[in-house]
Structure formats: structure tokens, C-alpha cells
Amino acid sequence: SMPFPADDSAERMYAGQCAALNLEAVPQYRFAADDGRAWRADFAFLAARVLVEIDGGIWTRGAHGRPTDIVRNMRKQNHAARMGWRTLRFSPEDVRSGLALEETCAALRWRFK
């Protein structure tokens, strides 16, 4: 089974959407392991150097809504940018509506031209 937390249905759905299009989304990717950081992105598209984060709990003050977590995510995303990664961030609703997949495809096409 995929390495997702039990309640992350949006992540599972996104993984399924990507698989249906044969997009190689690597889940829970440690993008900064070489720098000794334990940071993970929800998904990585390695060839394109694109990271995807599904930000749950925005409105419910979950993990992505608390100030300390917002600051940590800012530092994580800045570090990724410094390493040459682009980060796409989506809400669970973006996944359900298909917007996340559409934006991902647009970003990957741009990179693979």
C-alpha cells in the first residue's frame, strides 16, 4: 500500500489520478535528504523537479493552518526552491475538482517541452 497517513484521502485520490495518466508521482519524497533534512514532499516528479503538496486542514486549523506549521512550510518550500525544485500546492478540494491534476499536467508539459 502507498505510504500515506490513514486519513489522507486527497493524497490517495491524487496518486490515483496521476497513475491513470502514467505520471510518475513519487509519494512522501525526501527532497532534502542530501542536506540532512527530514523534509518530505507529498509527491515529487523527479525528472521535472516538481514537488506537490496537498495542504489539508487549512480551514480546520490542522497541520497546514497553525502558525508554526505555516512558518515551517515556508522554510521548507524556500529550501526546495534553492535546490531547483518548483512546488505546486493544492487543497483537497483542488484534488477532488481535478484542478490539481490539470495544474500538474500543465507544469510537467512546460518542463518537458
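Here, the structure is the one placed above.
Note that the coordinates shown come from a computational prediction; the quantities given were computed from them, not determined experimentally. (Residues numbered from 1 in each chain as written. Predicted model: local features only at pLDDT ≥ 70, side-chain atom pairs only at ≥ 80, totals over all residues. Heavy atoms only, no water.)

Q: I'd like a description of the pairing of strand β2 (residues 41–45), backed by residues and values.
A: Most of β2 is tucked away, with 5 of its 5 residues classed as buried. Judged from the 3 bridges that link them, strand β1 (residues 26–29) and β2 form a sheet pairing that is antiparallel. Paired with P27 across the bridge in β2 is F43. Adjacent in sequence and paired antiparallel, β2 and strand β3 (residues 50–54) are bridged by 4 residues, among which R49 carries a positive phi angle near 55°. (Buried < 20%, exposed > 50% of the residue type's maximum accessible area, 1.4 Å probe, protein only. Helix = DSSP H or I, 4+ residues; strand = E, 2+ residues; numbered from the N terminus. Pairing = 2+ DSSP bridges.)

Q: Residues and numbers for unusual backbone geometry, please.
A: Phi is positive for N22, which is not a glycine, with a value near 60°. Along the chain, N22 turns up in the loop between α1 (9–20) and β1. The phi dihedral of R49 is positive, around 55°, even though this residue is not glycine. Here R49 shows up in the loop between β2 and β3. Among the residues examined, R49 registers a relative accessible area of 28% and is labelled partly exposed.

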